[in-house]
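Chain residues, written in single-letter form:
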Amino acid sequence: MSLPVIDRDASLTAAAAATQQLLHLIRTAPDPTVTAIGHWSVAELACHLSHVYTTIPKMLRDEGSPVEDHRQIAATWDAQVAADPERDLNVLAGRIEAGWNESKALLRTKGWTDDMTWHGGLKGPVYTLAAVLISEAFIHGLDIARVTGGKFKRDSDQARLVVYGFMPNLRDFLNEDAARGLDATFELRVRGGEWVYLTVSGGSLTISQVTERKVDCRLSVDPATYLLVGFRRESQWAAIAKGQIVAWGRKPWLSLKFGNLLASP
């Protein structure tokens, strides 16, 4: 199975820019108690981000992840936030910055495509962790900006790196209920990037840059919109109406199932 490999320099540049934007939003948030997402306040979300940013270098040093079940990532992070009393935004921003600096140094020297132990004991390439850092800053930066009035740059290049960087682990997040009984191949065209083929058959998912199967549904997606829809931050219906997600092919209606095939962590 061949997949696009995101560029190291581009990924580190994107992660640095996304992290700096996130740090600015956290440090300038006027009210840390306002709800940011779900039941988390801005301060609680910053606390969560500090845990992510300090966990990444531990994973890169082969010290493992606190997430024992990759299907229970949200519950694990929630428990960590509840157990951590720190809510000072400047302190939390300092943790995030320190975690980023350590991660950056390790990501520069580790074998980019080498396998490492991921959440739940799964294996994945080192570059996926760079994509995780970009996604955390991108998604949660938007969460904070929306409730604080802060400025957020919606960067398609960052989003594209996340989409491709996550691909090696997507099969582990297949929504078994949505995949049950489905036998189909999707062609995913991420605008500005490479095409990939996702095949759901027999309750499993395979992803590759080539396929011998007939393509059932072709999708052209704006990378930032695709990422935000995937993380349930934007509506797929609005994206379709704006032409940010377009489907065609032998069975274009399968695009409506495509959005539910992967469980959002």
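What counts, and where the lines are drawn
- Residues numbered from 1 in each chain as written.
- Predicted model: local features only at pLDDT ≥ 70, side-chain atom pairs only at ≥ 80, totals over all residues.
- Heavy atoms only, no water.
- Patch = residues over 30% accessible without salt bridge, like charges linked within 9 Å, V, L, I, M, F, W, Y side chains within 5 Å.
- Areas by Shrake-Rupley, 256 points an atom, 1.4 Å probe, with all protein chains shown as cover.
- Salt bridge = Lys/Arg side-chain N within 4 Å of Asp/Glu carboxyl O.
- Helix = DSSP H or I, 4+ residues; strand = E, 2+ residues; numbered from the N terminus.
- Buried < 20%, exposed > 50% of the residue type's maximum accessible area, 1.4 Å probe, protein only.
- Contact = heavy atoms within 4.5 Å.
- Core = buried A, V, L, I, M, F, W, Y, C linked by side-chain atoms within 4.5 Å.
- Axes fitted to C-alpha atoms, helices over the stretch in contact; angles between N-to-C directions.
- Parallel < 35°, antiparallel > 145°, perpendicular 65-115°, else oblique.
- Left-handed = near helix turned anticlockwise from the far one by under 90°.
- Nonpolar A, V, L, I, M, F, W, Y, C, P; charged D, E, K, R; others polar.
- Pairing = 2+ DSSP bridges.
- Expected span 1.5 Å × (residues − 1).
- Arc of directions from axis to C-beta.
- Polar contact = N/O pair within 3.5 Å; in protein donor to acceptor, adjacent residues only side chain to side chain.
- Phe/Tyr/Trp six-rings, centres within 6.5 Å; stacked < 30°, edge-to-face > 60°.
- Lys NZ or Arg CZ within 6 Å of the ring centre and 35° of its normal.

Draft legend 1. Quick look at a nonpolar patch on the surface. Residues Trp 237, Ile 240 and Leu 256 make up a contiguous nonpolar surface patch of about 300 Å² in total accessible area. By the secondary structure assignment, Ile 240 is in helix α9 (residues 236–241). By relative accessible area, Ile 240 is classed as partly exposed at 35%.

Draft legend 2. Summary view of the pattern of salt bridges. Per the stated rule, a full pass over the model turns up 16 salt bridges. Here Arg 61 and Glu 102 are joined by a salt bridge, their closest N and O atoms 2.1 Å apart. Placement of the pair is Arg 61 in the loop between α2 (42–60) and α3 (73–83) and Glu 102 in helix α4 (residues 89–109), with a sequence separation of 41 residues. On the basis of relative accessibility, which here comes to 33%, the residue Arg 61 falls in the partly exposed class. Arg 95 is paired through a salt bridge with Asp 84; the nearest N and O atoms lie 2.8 Å apart. Remark: Asp 84 occurs in the loop between α3 and α4 and Arg 95 occurs in helix α4; sequence separation between them is eleven residues. By relative accessible area, which is 26% here, Arg 95 ends up partly exposed. A network of salt bridges, in which partner residues are shared, links Arg 61, Glu 63 and Glu 102.

Draft legend 3. Fine view of the environment of Glu 97. Looking at the element boundaries, Glu 97 is found in helix α4. In this structure Glu 97 comes out as partly exposed when scored by relative accessible area, which is 27%. Put simply, Glu 97 and Ile 56 are 41 residues apart on the chain and 12 Å apart in space, counted from C-alpha to C-alpha. Beyond its immediate stretch of four places on either side in the chain, Glu 97 contacts Gln 20, Leu 23 and Arg 27.

Draft legend 4. Up close: the nonpolar core. Formed by 88 residues in total, the largest nonpolar core has its most connected members in Ile 26, Met 167, Phe 186 and Leu 188. Apart from the residues within four sequence positions on either side, Ile 26 is in contact with Ala 46, Leu 49, Leu 89, Ala 93, Ile 96 and Ile 144.

Draft legend 5. Representation of the packing of helix α1 (residues 8–27) against α2 in the model. Direction vectors running N to C along α1 and α2 enclose 150°, while the axes themselves pass 12 Å from each other. Comparing the axis directions of α1 and α2 gives the class roughly antiparallel. Pair α1 / α2 crosses with left-handed handedness. Across the interface between the two elements, Thr 19, Leu 22 and Ile 26 from α1 touch Ala 46, Leu 49 and Tyr 53 from α2. The residue inventory of the contact of α1 with α2, partitioned by class, reads five nonpolar, one polar and no charged.

Draft legend 6. Representation of the sheet that holds strand β7 (residues 204–208) in the model. A sheet is described by the order of its strands in space; here five strands give the open sequence β7-β6-β5-β8-β9, paired in mixed fashion. Unpaired on one side and paired on the other, β7 and β9 (245–248) mark the two borders of the sheet. Taking each pair of neighbouring strands and ignoring which way they run, the sheet shows an average axis angle of 20°. For strand β6 (residues 195–201) and β7, the ladder comprises five bridges, and the chain directions are antiparallel. In the strand pairing of β7, Thr 199 is matched with Thr 206.

Draft legend 7. Broad picture of the pairing of strand β5 (residues 184–190). Counting buried residues along β5, six of its seven residues qualify, which places the element largely inside the surrounding structure. Hairpin connection from β5 to β6: four residues lie between these consecutive antiparallel strands, with Gly 192 at a positive phi of about 85°.

Draft legend 8. Here's a closer look at α4. The end-to-end C-alpha distance of α4, which contains 21 residues, comes to 31 Å, matching closely the 30 Å that a straight helix rising 1.5 Å per residue would cover. Buried residues of α4: Leu 89, Leu 92, Ala 93, Ile 96, Gly 99, Trp 100, Ser 103, Leu 106 and Leu 107, and no others. Axial view of α4: buried residues confined to an arc of 155°, hence all on one face. Those residues of α4 that are exposed and aimed more than 90 degrees away from the buried face are Asn 90 and Thr 109. Summarising the contacts, the buried residues of α4 are in contact with α1, α2 and α5 (127–148). If you check the start of α4, you find a side-chain oxygen 2.9 Å away from the backbone N of Asn 90, and it comes from Asp 88.

Draft legend 9. The packing of aromatic side chains, seen in detail. Tallied over the entire structure, the rule returns five aromatic pairs. A ring pair is formed by Trp 112 and Tyr 127, whose centres lie 6.2 Å apart and whose planes are at 35°; its orientation type is tilted. Of this pair, Trp 112 sits in the loop between α4 and β3 (115–117) while Tyr 127 sits in helix α5, placing them 15 residues apart in sequence. No difference in accessibility class separates Trp 112 from Tyr 127, as the two residues are buried. Arranged with centres 4.9 Å apart and planes meeting at 50°, the rings of Phe 186 and Phe 258 form a pair that is tilted. Taken together, the residues span a long stretch of sequence, with Phe 186 in strand β5 and Phe 258 in helix α10 (residues 255–258) at a distance of 72 residues. For Phe 186, a relative accessible area of 0% puts it in the buried group. By relative accessible area, which is 10% here, Phe 258 ends up buried. Directly above the aromatic system of Trp 195 lies the positively charged group of Arg 189, at a separation of 3.7 Å from the ring centroid.

On their own, these measurements won't tell you what the molecule is for.
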